[in-house]
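Each chain is listed here by its residues.
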Amino acid sequence: MPELVERIDELLKQWDIDHNTLPLPEDYPNKNLREIADTIDKAREEVNSLNLDPYDDFKNVCGNIESDVIKKILDHEFLEVLSTTYLTGSRYSQDEPVHILAARVMSSAMSGIDYNAYFKDVDEDMVECLYQWALSGREPLSSYAIEMLSYGESLCGKYHQSNMDLMKLLLDKLKAIHSKAKLEYQAAHSPRATAPWNEDTQDGTSEPIVFTTSNSLIQPHLVGEGNFELFQCQAVLHFLLSLGEYQEFLGLIMKNNIPKLLLNFISITNINSPLIFDIIRYLSALLCHKKFASDFMNYEGLQLLLDLPYNQRASTGISTCLYALVFHSTIMERLCAYSSHLLPSIISLCLKLVKGEHESACSHVTLFLTLAFQYRAMIEEFDNQNGLSKFIDILKKTSSILDGPPANELLLFLHRQKLKHLCNALYRYIACHTLLYAEHIRRTKDHNGVGMSPQIYMNNKALELEDNIKAAFEYIQSNADYDAIWMAMDDLHRLEGFEVAMNALFISEDYRGDRYDATSIIISLLSFMTLMPRYQLKLCEPLSTPTGETCTAIKFVLQAAEDYGNTEIQKQALSLIIGVVCGPYRANCPNLTLTPASQPRKTSSDEVMHKMWAAIRVNNGIKVLMSLLLTKTPLCHADALRTSACMALNGLCRSRGVRQIASKLHLMSSGQLLALMREPIVPENYVTHSKFCTYASSLLEVLFGVSTDKTTSEPSLLNKMTKADIVSKTPITYNNDEVYHLLHSTLIEHGLKTTANSLVEEIRNKHKKDILVYPKKHGHFPSTPSSSTPLHSPITPCKKLYIKNSRSRLPSSNTDDTPETPVLHKSKVPHKSVGVIEHLNALDKKNTVYQPPSLDDLIHNFMREQHRKCDYPMSIVPPFSLFREHSCPSPKTEHYEAPVNMAARQCRRQYDEHHGGTRGRYLNHKYIYSKFKPYYTHKLGTRNEEWEDVNLTSCLTFSNYIVAGCNNGQIRVYEMNQYPPYNCIQTTQPSSENPDCDPITSLAISSSEKLVASTSTADTDNTHNNLVLWSVGASKGSGAVSNDLLEHRHEIHGVNHAMFSYNSDDYLLCTMDTKCCIVDCYTGNTIHTMKNPHGSNSYYKNHAVFNFSDDLVLNDGVLWDYRTPSLIHKFDKFNNFVSGVFGPTGIDIIINTEIWDIRTFKLLNTIKSLDNCLLKFNNTRDVMFGLSHVKKEILDHEISPTYRHVMAPFESTFKTFYAKNDYLTLGAYDVRKQIIDMSFCRSDRMVVTVESANDDFTTMWSGGSSLRIYLIGRSKSSRGDDENAEGDDDDDDDDDDDSASSTSQPDFDDDSMLSDSMLSEDDQSTNNDDSSGGDSSDIGLEAMGDSDWSEDDND
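All values derive from a computational prediction rather than experimental measurement.

Details of the sheet that holds strand β21 (residues 1126-1130)
The strand order β18-β19-β20-β21 describes an open sheet built from four strands, whose pairing is antiparallel. On the outer flanks of this sheet lie β18 (1105-1106) and β21, each paired with one strand and no other. Sheet topology places β18 next to strand β19 (residues 1113-1115); two bridges connect them, and they run antiparallel. Counted as the bridge partner of Phe-1106 is Val-1113 from β19.

Given below as structure tokens:
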């Protein structure tokens, strides 16, 4: 009641007045203490009537009156005076009434005090005084002192003897209270009532006694009503409870036969009495001792507790007794074997308490069931009472509470704790059922004469869960039928257990920092829920998250496995992935049963496996597993994480599509995986590392068909992998007539002449010509057919085969995901190691019906082995012959390659039309695009202080103009018809939709140079980004332009990046975070919007691009046909930054380091030098410029989240690549400043960059940026005229020849060279310069001036 809080405020104010008044009032402090104590007692009575949880340590959650009243006391100086003056002060040392009242107030306030800290800081004299009052003091002071000492658990060690003496006294007092209660009980009941105990057994023997429980509700208290005797008994029980768990006091307890005493006490106490809970609570504390628990069971104490009438408070105490008993295995075995009649009552009470109001009772019984499920009798009784359905209902209710509006933080804590306990109990339930179901399958197979001997699990014996659960999991996975009946699992899914678990998972993910996080437990639960293939597809179904988004379970699990911040969660997520990708595969088994056409075809486990492989790929599972192979943190768990990732990859690479991609990745093809096999990250994890080496060796064997171990050298392995890759791509053809000859000869040798003649006749009828039969001896083939044969059969069409993995003998399926089971050599596997690789082999052996190889397979393997023996295998070979040994030709010793030296190469061009050799065009490009000379630098504010705070943020070149965007939202246009310095001819003002003057982050020009698009980035929200479309004004005569070169046309909101179509000015492609849209440039209307409905790749630097024919769009790693628009293909994600561009050939796509074939969507190659680069093509599309994005760590910590989708900033070095042949590196140039943007002039003779002067990325837009022009193909020191150049451009000289940077040159064929040479005339001009011995790099720059253009103007 609020008036009690107001009353305590008044009393404390009155105490302040009386305490500070001189002289002191006559009745001070007795009156004040008595009124305060009476107010606290009234508040306690109010709280007891509310039926609150007695174990609730967070009493402030309920906002009860007692807590509010005690808070007032704790926040007041009255408490300090109470302790130091009224209880132990010298002033009142002989005033017993003051001691009694002060002790009464203090004992009532102890429930709200941090008593451990209180007794730690309290004076020792006060503690000794309390012990003295408790041992020899008069009532009620003694009881108040006992109540206060019951909170002093920290005093047990220091005051051991005092506690021992006090405990003896209190046990005698408890016996006296019990004797008095017995007399009152007998007086209140009929004399014919059975005595609650047998007087002949008071000597301490453990003879069972039958108790009679009182159901009378006449007296709510033990003796009297509201008197002191109730408090006296509670104080004794509270102090004994504080010492109940200590082993040194157990002897005294057993000597006084406390088990029987407490049970008799319970039997005569009214169920509604407050004392009943204190007795049961003390009993639960003693049950942690095995001896006490044994006597408790001998006296049939559990039967007594279960027979009590239901009371929420008393049942909460019984829940703690059950929780204490479950830790005694002998007690539980005895309960399940000889007291099975109690199990229905136990389970019924547990299910009732789970749904009760007291959170502590729910937690205790949930923890009890978690441990009790390992006993078969318990789990069977739980199923008989439909406990699973009730558990799912309470889990739904708890999830809905957490998913609701925010409540008190302490309440959220309790509900999260409850959620974890429920999920853990459900996990143990299904794990135990998994063990029992595996036993059932073993018994069935043993009964049928197959399989292993079953292991019998008795009802009263605990299941050895930790030791056998993994083996049981794999056994069910490999032996259970697709439609097998599993009642527990079927009921769990029928009750929507999977959906409830996923909802709990989404909720627990929001509290990942909580130590009661249930995420790891729920993911483990999902592993068992998806054990059966028919339920695995639920992982791919879209589910609604609490935030309203749509997410699949497999996507969430992959995200958790990648980087959740908790190693245990990562391990559990990887275990789930291993379970769904490493299951049995029966694609090679013949279908022995025919399904009528009228019946619908059922989904098989093979189809489920294909869908799961596809789901893993769609959600970037390959990237997640590959990144985990390289993880090095945390150190103690890194070896285990990469071992699990390698396990999952072994199962996933049974898919042909995944296998093709994995074989091309740099981690696999470069020998990096072999380097990981050398040593563990932590030497102590050698056992785990040995498993990793086993799985890694098998993975390399699956991908490349080469056997390896950790002793294999990297060069030899790479050589083997290269040869194996070539052999795997080689199409093998052969002549069928040669096979007919061999068949005919074999039949003749075995005396089957009639069959041989029939074969000849049938072949003759087929081809309508005679067939030649070669005479041969056994085991010898003639080198050529005999010339004496009268008839020659024509060469029949060759049968075309494609080489598979060397271990597969069965024909491959036409699907892209046909798996090939990895085979592991036994000599490489430890005898005691049972892992995924062995499991995969066992699955295929058990589930595959052996089918003998066909003749075609034998010939195929024979020819493949011949091709494998070639020293230099070729991917394109003529048809193989059975009569001649195959051998690929060795490479020519003379290479017609162009000289590395430029002068020699130019001389050779006089008689070699291919630019001086097969590599001449590449070397010419390398010579030109590895040299850049600073030519002109422009910085705003140098001559005009008005522009001092304005910085350039983007650039664009077209015709004779340079367009530069500024951080104040303006666009400046510079004319290049004159020599530097260039003058600004126009400055546009910020658009009306850009009043905050946001920086211009990108510029784009149309193919006809009639339209310009600019995008600005807002500081507040990405939806406020703006795109402005400008028209380029027409020229007014020679050298004159209109006053406004750029004229405003349209504005579009929410655009991050834009580009025009290549072949017309009709369409503008706008990027809006993860989606893109096509905009009509003339009307500004949106034509199509493209967004992946199945989730985006969420690249940090996503920007949509057209292909060069303007019919395809690549956005966020997804290929679209925008004319429909329809999604064509989603490419696998292997990086977080670069979303990709179309290659210049039009048949490939470059996404970071991966080169994808646009026709087959296969991974063609990986180029490490392209990592993390934004690629820009020059105007002829034969050279790519790569700008390296800053690292993710810098992006996250130093750059505002608003600008993370902006392309800038870049590192200070840009790279150049030859775009016509395998994207070879041409060179790299370091400008020694952060690059913000880059553009090229139309003639490809100049590069324009915007560079930031500061190294701090936070000042990218306001750190003093500059516009700089570089000349392509000219070295800085080529003419000796750069003495006045800027100091930060020193030491950029290049050598005269490119030999130093051409350490490894690829082999070029003459056919691979382009017929038309862009550099033919330029090479001729440089030939003259090089022949004179100078380092003149003026290729392609004749139109420019000489001396006037050679100096870098510092402005």
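Moving on from the coordinates now.
Re the sheet that holds strand β15 (residues 1067-1072)
The strand order across the open sheet built from four strands is β14-β15-β16-β17, with neighbouring strands paired in antiparallel fashion. Of all strands in the sheet, those bounded by a partner on one side alone are β14 (1057-1060) and β17 (1086-1090). Each neighbouring strand pair of the sheet contributes to a mean axis angle of 20°, computed without reference to strand direction. Judged from the four bridges that link them, β14 and β15 form a sheet pairing that is antiparallel. The residue of β15 that forms the bridge with Ala-1058 is Cys-1070.

A short note on the nonpolar core
The biggest cluster of nonpolar side chains holds 280 residues, and the ones touching the most others in it are Tyr-86 and Met-668. Sort the elements by how many residues they give to this core and helix α22 (residues 409-447) lands first, with 15 residues. In contact with Met-668, not counting residues within four places along its chain, are Met-626, Leu-629, Leu-649, Ala-662, Leu-673, Leu-699, Leu-700, Leu-703, Phe-704 and Met-721. One finds Leu-923, Met-976, Met-1207 and Tyr-1270 within the second-largest nonpolar core, a separate group that totals 45 residues.

Structural notes on unusual backbone geometry
Each neighbour pair has its own omega, and for Tyr-28 with Pro-29 the value is -5°, a cis peptide bond. The topology assignment puts Pro-29 in the loop between α1 (2-19) and α2 (30-48). With a phi angle near 55°, Ser-1098 is a residue other than glycine that sits in the positive phi range. Along the chain, Ser-1098 turns up in the loop between β17 and β18. Unlike most non-glycine residues, Phe-1161 shows phi in positive territory, near 60°. With respect to the helices and strands, Phe-1161 occurs in the loop between β24 (1154-1157) and β25 (1163-1166).

With respect to the side chain of Asn-735
When you line up the elements, Asn-735 lands in the loop between β3 (731-734) and α38 (736-749). A polar contact is formed between the side chain of Asn-735 and the backbone nitrogen of Asp-737, at a distance of 3.0 Å.

Regarding the pattern of salt bridges
In a structure, side chains of opposite charge can pair up when their charged atoms sit close to one another. Summed over the entire model, instances satisfying the criterion amount to 26 salt bridges. For the salt bridge of Arg-7 with Glu-35, the shortest nitrogen-to-oxygen distance reads 3.8 Å. Taken together, the positions of Arg-7 in helix α1 and Glu-35 in helix α2 put the pair 28 residues apart, joining distant regions of the chain. A salt bridge links Arg-138 to Glu-96; the shortest N-O distance between them is 2.6 Å. Taken together, the positions of Arg-138 in the loop between α7 (124-136) and α8 (141-149) and Glu-96 in helix α5 (residues 96-109) put the pair 42 residues apart, joining distant regions of the chain. Within the structure, one salt-bridge network assembled from shared partners comprises Arg-376, Glu-380, Glu-439 and Arg-443.

Some thoughts on the pairing of strand β26 (residues 1173-1177)
Side chains on a regular strand alternate between the two faces of the sheet. The buried count for β26 comes to four of five residues, which makes it a mostly enclosed element. Taken together, the five bridges between β26 and strand β27 (residues 1183-1189) define a ladder with antiparallel strand orientation. By the bridge assignment, Leu-1175 is partnered in β27 with Gly-1186. Where β26 folds back on β27, the antiparallel hairpin that results is connected by five residues, among which Arg-1181 adopts a positive phi of roughly 60°.

Observations regarding helix α43 (residues 920-928)
Burial analysis of α43 places nine of its nine residues in the buried class, which makes it a mostly covered element. Among all positions in α43, only Gly-920, Arg-921, Tyr-922, Leu-923, Asn-924, His-925, Lys-926, Tyr-927 and Ile-928 are buried.

Digging into the packing of aromatic side chains
According to the stated counting rule, one finds 33 aromatic pairs in the structure shown. Taken together, Tyr-929, Phe-932, Phe-1185, Phe-1214, Tyr-1229, Phe-1240 and Tyr-1270 form an aromatic cluster joined through their ring pairs. Taking the ring centre of Tyr-927 as reference, the NZ or CZ of Lys-931 above it sits at 4.1 Å. Note that Lys-1133 overlies the ring of Tyr-1099, its terminal NZ or CZ placed 5.3 Å from the centroid.

Re the pairing of strand β7 (residues 961-966)
Most of β7 sits out of view: six of its six residues are buried. Neither face of β7 is open: one carries Tyr-961, Val-963 and Gly-965, the other Ile-962, Ala-964 and Cys-966, and all of them are buried. As paired elements, strand β6 (residues 952-958) and β7 share six bridges and run antiparallel to each other. Paired with Leu-952 across the two strands is Cys-966, which belongs to β7. Here β6 folds back onto β7, and the loop between the two strands holds two residues, one of which, Ser-959, carries a positive phi near 50°. Relative to strand β8 (residues 971-975), β7 is paired through five bridges, and the arrangement is antiparallel. From the neighbouring strand, Gly-965 faces β8, where its bridge partner is Ile-971. Turn length for the β7-β8 hairpin, with the two strands adjacent in sequence and antiparallel, is four residues, and the turn residue Gly-969 shows positive phi of about 85°.

Some words on the confidence of the model for the protein
Counting all residues, the mean pLDDT for the protein is 77, and 75% of those residues have values of 70 or more. Segment residues 191-226 is flagged for pLDDT under 50; beyond a separation of four residues in sequence, or across chains, it makes 67 contacts in the model. Contacts for the low-pLDDT stretch residues 1035-1042, under 50 throughout, to residues beyond four places or in other chains number nine contacts.

Calculation notes
- Residues numbered from 1 in each chain as written.
- Predicted model: local features only at pLDDT ≥ 70, side-chain atom pairs only at ≥ 80, totals over all residues.
- Heavy atoms only, no water.
- Pairing = 2+ DSSP bridges.
- Helix = DSSP H or I, 4+ residues; strand = E, 2+ residues; numbered from the N terminus.
- Axes fitted to C-alpha atoms, helices over the stretch in contact; angles between N-to-C directions.
- Core = buried A, V, L, I, M, F, W, Y, C linked by side-chain atoms within 4.5 Å.
- Buried < 20%, exposed > 50% of the residue type's maximum accessible area, 1.4 Å probe, protein only.
- Contact = heavy atoms within 4.5 Å.
- Polar contact = N/O pair within 3.5 Å; in protein donor to acceptor, adjacent residues only side chain to side chain.
- Salt bridge = Lys/Arg side-chain N within 4 Å of Asp/Glu carboxyl O.
- Phe/Tyr/Trp six-rings, centres within 6.5 Å; stacked < 30°, edge-to-face > 60°.
- Lys NZ or Arg CZ within 6 Å of the ring centre and 35° of its normal.
- pLDDT = per-residue confidence, 0-100.

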